[in-house]
Amino acid sequence: MIGLLRAELLKSVTTRAVWGFAIGAMAFAALNAVIVAAASGTLDEVTEKEEALSGLPVLLLLWGLVGAAGEYRHRTAAPAALVARRGRGTVLAVRIAAYALTGLGLALLTNAVAVGVGLPLLAHHPGPDLTSGQVTGVVAHNVLALVLATVLGAALGALIRSPVAGAVVLLLLDLVVLPLVSGAWEGAANLTPFGAASVLTGGTHDTTITAAQAGGVFAAWTVLAVLVAVGSERRRDLA
């Protein structure tokens, strides 16, 4: 099992896509810190300053989806299961675990950029500075959201099996459907994976749930997606 995890981990970190998404995530973290801390006026509340350090989970969700779905597009899922001599569901579960570990590395890297760029800019604003405990809390929430997003994306990729179709559906849900739902009923939007992720990272304020509750909601959606994906993988043809 360790050998299988090592192989899947190697695949997840040696594709060109992972480096593209890593650069994109770091660029967003830096840009978000600059926009919020330097170009959005005076920040004198803790929640406003914390937003400068927030992440963008949808990027890693998209990476997990594209990477996992690519296994079926390039027809590498079947050979991997045959070589591993493991059940198809087991191979997928290990693949998702590999994406979770890679997502953790990307999350830590992204947050390092956000903190490194954001804190010096926030120091020029009035009001209380962010304490080390508050910064740690923001980073912990961001890391959790980004890792869960990666795992959810990988599970959805295994279910959809098409990187293009999955990416289109994902972006439509995030950019079109969620804003409509949020405008009509904010409480319902916060219970969706995208809404919960936004609350968890501090990108949404005046919400109907706390960050801890949002983490639970996001984790529940992620676990459900993984269980469905693994169960489905056991019952269908890999070819």
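Each residue is numbered by its place in its chain's sequence as written, counting from 1. Owing to the predicted nature of the model, reporting of local features is limited to residues with pLDDT of at least 70; listing and counting of side-chain atom pairs is limited to 80 or more, with chain, interface and lining totals taken over all residues. Working from all heavy atoms in the structure, the side-chain values ignore hydrogens and water.

Asker: Explain the layout of surface pockets to me, using residue names and the numbers behind them.
Answerer: The gaps of empty space that remain are located by a probe, the size of a water molecule, rolled over the atoms. In this structure, the largest pocket encloses a volume near 420 Å³. Lining the largest pocket are 26 residues, with Asp174, Phe194, Ser198, Gly203 and Thr204 positioned closest to its centre. Only runs of H or I of at least four residues qualify as helices and only runs of E of at least two qualify as strands under DSSP, and these elements are numbered from the N terminus. Looking at the lining of the largest pocket, the elements that each hand over two or more residues are α2 (16–38), α4 (57–73), α8 (163–184), α9 (186–189) and α10 (193–201). Broken down by element, the lining of the largest pocket gets its largest block of residues, 6 residues, from α10. Three residue categories are used. Nonpolar comprises Ala, Val, Leu, Ile, Met, Phe, Trp, Tyr, Cys and Pro, charged comprises Asp, Glu, Lys and Arg, and polar comprises the others, including Gly. Looking at side-chain class alone, the lining of the largest pocket contains 13 nonpolar, 10 polar and 3 charged residues. Only protein atoms enter the 1 Å grid, on which a cavity is a set of points fitting a 1.4 Å probe that cannot get out and a pocket is an open set with protein on both sides within 12 Å along at least 5 of 7 lines, lining residues being those with an atom within 4 Å of a point. Grid points are joined across faces, edges and corners, and a volume is the space filled by probe spheres set on the points.

Asker: How would you sum up the packing of helix α7 (residues 132–160) against helix α11 (residues 211–235)? Please name residues and give values.
Answerer: Lines are fitted to the C-alpha atoms to define the axes, a helix being fitted only along its stretch in contact, and any angle between axes, read from their N-to-C directions, falls within 0 to 180 degrees. One way to put it is that α7 packs onto α11 with a least axis distance of 9 Å and a crossing angle of 25°. When the interaxial angle is binned, α7 and α11 end up roughly parallel. Where α7 crosses over α11, the handedness of that crossing is left-handed. Across the interface between the two elements, His141, Ala145, Leu148, Ala149, Val151, Leu152, Ala155, Ala158 and Leu159 of α7 pack against Ala211, Gly215, Phe218, Ala219, Trp221, Thr222, Ala225, Val226, Val228, Ala229, Ser232 and Glu233 of α11. Classifying every residue of the contact of α7 with α11 gives 16 nonpolar, 4 polar and 1 charged. Comment on the angle field: the value is read as roughly parallel under 35 degrees, roughly antiparallel over 145, roughly perpendicular from 65 to 115, and oblique elsewhere. The handedness criterion is simple: a crossing whose near helix is rotated anticlockwise from the far helix by less than a right angle is left-handed, and one whose near helix is rotated clockwise is right-handed. By definition, residues are in contact when any of their heavy atoms lie within 4.5 Å.

Asker: Explain a nonpolar patch on the surface residue by residue, including any values.
Answerer: Taken together, the side chains of Val164, Val168, Val169, Leu171, Leu172, Leu173, Leu175, Val176, Val177, Leu180 and Val181 make up a nonpolar region of the molecular surface, amounting to roughly 920 Å² of accessible area. You can see valine 168 is positioned in helix α8. Accessibility expressed as a relative area gives 45% for valine 168, which makes it partly exposed. Residues enter patches when they are more than 30% accessible in relative terms and free of salt bridges; like-charged ones are connected within 9 Å and nonpolar ones (Val, Leu, Ile, Met, Phe, Trp, Tyr) within 5 Å. Surface exposure here means Shrake-Rupley accessible area, sampled with a 1.4 Å probe, where a residue is shielded only by the protein chains that are shown. Salt bridge, as used here: a side-chain nitrogen of Lys or Arg that lies within 4 Å of a carboxyl oxygen of Asp or Glu. For every residue, the accessible area obtained with a 1.4 Å probe (protein chains only) is divided by the maximum for its type, and the residue is called buried under 20%, exposed over 50%, and partly exposed between those limits.

Asker: I'd like to hear about the UniProt feature "transmembrane region" (unreviewed entry) in the chain, residue by residue, with values.
Answerer: UniProt positions are given in the numbering used here, feature names are shortened, and annotations may be inferred rather than shown by experiment. UniProt annotation of "transmembrane region" (unreviewed entry) refers to residues 21–40, 52–72, 92–119, 139–160, 167–188 and 208–230 when read in the numbering used here. Counting secondary structure, residues 52–72 comes out at 76% helix and 0% strand; the distance between its end C-alpha atoms is 38 Å.

Asker: Explain the confidence of the model for the chain to me, using residue names and the numbers behind them.
Answerer: A score from 0 to 100, pLDDT tells how confident the predictor is in each residue. Averaged over all residues, the pLDDT of the chain equals 83, while 89% of them reach at least 70. When the elements of the chain are averaged for pLDDT, helix α5 (residues 77–84) gives the smallest value, 54, and α7 the largest, 93.

Asker: Help me get a handle on the environment of leucine 175, residues and values and all.
Answerer: Mapped onto the elements, leucine 175 comes out in helix α8. On the basis of relative accessibility, which here comes to 58%, the residue leucine 175 falls in the exposed class. On a C-alpha basis, the gap between leucine 175 and phenylalanine 194 in space is 9.9 Å, while along the polypeptide they are 19 residues apart.

Asker: Could you give an account of the nonpolar core, naming the residues involved and the relevant values?
Answerer: As used here, the term nonpolar core means buried Ala, Val, Leu, Ile, Met, Phe, Trp, Tyr and Cys residues forming a set that is joined through side-chain atoms within 4.5 Å. Residues Leu92, Ile96 and Phe218 are the most contacted members of the largest nonpolar core, which totals 46 residues. Elements supplying a minimum of two residues to this core: α2, α4, α6 (88–122), α7, α8, α10 and α11. No other element matches α7, which puts 11 residues into this core. Each residue touching isoleucine 96, except ones within four places of it in the same chain, is listed here: Val151, Ala154, Ala155 and Val226. Within the second largest apolar cluster, 9 residues are counted, among which are Leu43, Leu53, Leu130 and Val138.

Asker: Residues and numbers for the packing of α6 against α11, please.
Answerer: Between α6 and α11, the least distance of the axes is 7 Å, while the angle of their chain directions is 145°. Crossing handedness for the pair α6 and α11: right-handed. For the pair α6 and α11, contact is made by Arg88, Gly89, Leu92, Ala93 and Ile96 and by Val226, Ala229, Val230, Glu233, Arg234 and Arg235, respectively.

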